[in-house]
Amino acid sequence: MKFGIKAFGLAAVVFTIFGLIAFVFINPEVNSLEFSEDVKLAPNFALVDPQGKVHQWSEYKGKPIIIHFWATWCPYCKKLQPGLEKLRVDYSDSDLQILGISFNEDEGADPALTLMERGIQFPTLVHGESAAKDYGVPGTPTTVFINRRGEIVWVTNISAPNNPKLTLATELILQD
């Protein structure tokens, strides 16, 4: 009887593992970018940069933009940022914009200095709590890809800097 229970348990574990593997490698939604059929336009924002200058969404309209919602204390943001910087460099001959929006910072945090110390050269806006709320940001990092028409085409919480989906999404927003 004990052998039957052990064999059944082992079979259940093996079946579950093969099922998960099949789901990940066969399911097209897991291996592709998932774009919403519903078009959502990027919400307006007016935020300040570290020098106190106000920047508005209207400055970026008509250009493909990647908005990176982040915080200085977030280890996953720190991990992702070199990948976003690589996109900035790789597509520097295009009109691609990459913009950081820092939010939920600890008192005394200096987001611009943090990026500079990390070797990241894309600009960041600060005190972005209102924009994070308007964009439905669940946490850090959240990266939003917006095409030239101002349509949000992909939102991700990926933190792997070399994830090929980041490049695929960038190329998609550059096509429009």
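Scroll up to find the structure.
The following paragraphs examine the structure supplied in this document.

### Thoughts on the overall build of the chain
Here's step 1: When helices and strands are counted, the chain shows six helices and eight strands.
Here's step 2: Listing every helix and strand of the chain by position from the N terminus yields α-α-β-β-β-β-α-β-α-β-α-β-β-α.
Here's step 3: Scored against the burial criterion, the 176 residues of the chain give a buried share of 39%.
Here's step 4: Carbon and sulfur atoms make up 60% of the accessible area of the chain, which totals about 10400 Å².

### Overview of the layout of surface pockets
Here's step 1: Taken as a whole, the second largest pocket encloses approximately 180 Å³ of empty space.
Here's step 2: Lining the second largest pocket are 14 residues, with Glu105, Ala109, Pro111, Val126 and His127 positioned closest to its centre.
Here's step 3: Within the lining of the second largest pocket, the residues separate by chemical class into five nonpolar, five polar and four charged.

### Brief notes about helix H6 (residues 164–175)
Here's step 1: The end-to-end C-alpha separation of H6 is 17 Å, in line with the 16 Å expected for twelve residues at 1.5 Å each.
Here's step 2: Within the sequence span of H6, burial applies to Leu166, Ala169, Thr170, Ile173 and Leu174. In an axial view of H6, the angular spread of the buried residues amounts to 135°, which keeps them on one side of the axis. Turned more than 90 degrees off the buried face of H6, the exposed positions are Pro164 and Gln175.
Here's step 3: A side-chain oxygen of the first residue of H6 lies 2.8 Å from the backbone nitrogen of Lys165; this N-cap is Asn163.

### Regarding helix H3 (residues 75–90)
Here's step 1: Relative to the 22 Å expected for 16 residues at 1.5 Å per residue, H3 spans 24 Å between its end C-alpha atoms, a close match to the ideal helical length.
Here's step 2: Remark: the principal bend of H3, roughly 30°, maps to Gln81, with a proline, Pro82, within the next four residues.
Here's step 3: Of the positions making up H3, those classed as buried are Cys77, Leu80, Gln81, Gly83, Leu84, Glu85 and Leu87.

### With respect to the sheet that holds strand S1 (residues 40–41)
Here's step 1: Ordered in space as S1-S8-S7-S4-S5-S6, the six strands form an open sheet in which the pairing is mixed. Two strands lie at the open edges of the sheet, namely S1 and strand S6 (124–125), each paired on one side alone.
Here's step 2: Pairing analysis gives six bridges linking strand S4 (residues 65–70) to strand S5 (residues 97–102), with the strands arranged parallel. The partner of Ile67 across the bridge, within S5, is Leu99.

### What to know about the environment of Arg88
Here's step 1: Mapping Arg88 onto the fold places it in helix H3.
Here's step 2: Through-space distance from the C-alpha of Arg88 to that of Leu99 is 10.0 Å; in sequence the pair is eleven residues apart.
Here's step 3: At 2.6 Å, the side chain of Arg88 and the side chain of Glu85 are in polar contact.

### What to know about the pattern of salt bridges
Here's step 1: Overall, the coordinates contain four salt bridges when judged by the stated rule.
Here's step 2: Between Arg88 and Glu85 there is a salt bridge, with the nearest N and O atoms lying 2.6 Å from each other. Placement of the pair is Arg88 and Glu85 together in helix H3, with a separation of three residues, close to one helical turn.
Here's step 3: Here Arg149 ties to Glu151 by a salt bridge, and the two come within 3.0 Å at their closest N and O atoms.
Here's step 4: According to the relative accessible area criterion, Arg149 is exposed, its value standing at 51%.

### Things to note about the packing of aromatic side chains
Here's step 1: Considering all chains together, one arrives at five aromatic pairs under this definition.
Here's step 2: Taking 6.2 Å as the distance between ring centres and 55° as the angle between the ring planes, the aromatic pair formed by Phe45 and Trp57 counts as tilted. Separated by twelve residues along the polypeptide, Phe45 in the loop between S1 and strand S2 (46–48) and Trp57 in the loop between strand S3 (54–56) and S4 bring together distant segments of the chain.
Here's step 3: The buried category is assigned to Phe45, whose relative accessible area is 7%.
Here's step 4: Between Phe145 and Trp154, the aromatic rings sit 5.4 Å apart at their centres with planes inclined by 35°, giving tilted as the arrangement.
Here's step 5: What makes Phe145 buried here is its relative accessible area of 0%.
Here's step 6: You can call Trp154 buried: its relative accessible area is 8%.
Here's step 7: By the ring-pair criterion, three or more aromatic residues cluster together here, those being Phe45, Trp57 and Tyr60.

Cut-offs used in this document
Residues numbered from 1 in each chain as written. Predicted model: local features only at pLDDT ≥ 70, side-chain atom pairs only at ≥ 80, totals over all residues. Heavy atoms only, no water. Helix = DSSP H or I, 4+ residues; strand = E, 2+ residues; numbered from the N terminus. Buried < 20%, exposed > 50% of the residue type's maximum accessible area, 1.4 Å probe, protein only. Areas by Shrake-Rupley, 256 points an atom, 1.4 Å probe, with all protein chains shown as cover. 1 Å grid on protein atoms, 1.4 Å probe; cavity = no way out; pocket = protein on both sides within 12 Å on 5 of 7 lines; lining within 4 Å. Points joined across faces, edges and corners; volume = space filled by probe spheres on them. Nonpolar A, V, L, I, M, F, W, Y, C, P; charged D, E, K, R; others polar. Expected span 1.5 Å × (residues − 1). Arc of directions from axis to C-beta. Polar contact = N/O pair within 3.5 Å; in protein donor to acceptor, adjacent residues only side chain to side chain. Bend = angle between axes of the 7 residues up to and from the residue. Pairing = 2+ DSSP bridges. Salt bridge = Lys/Arg side-chain N within 4 Å of Asp/Glu carboxyl O. Phe/Tyr/Trp six-rings, centres within 6.5 Å; stacked < 30°, edge-to-face > 60°.

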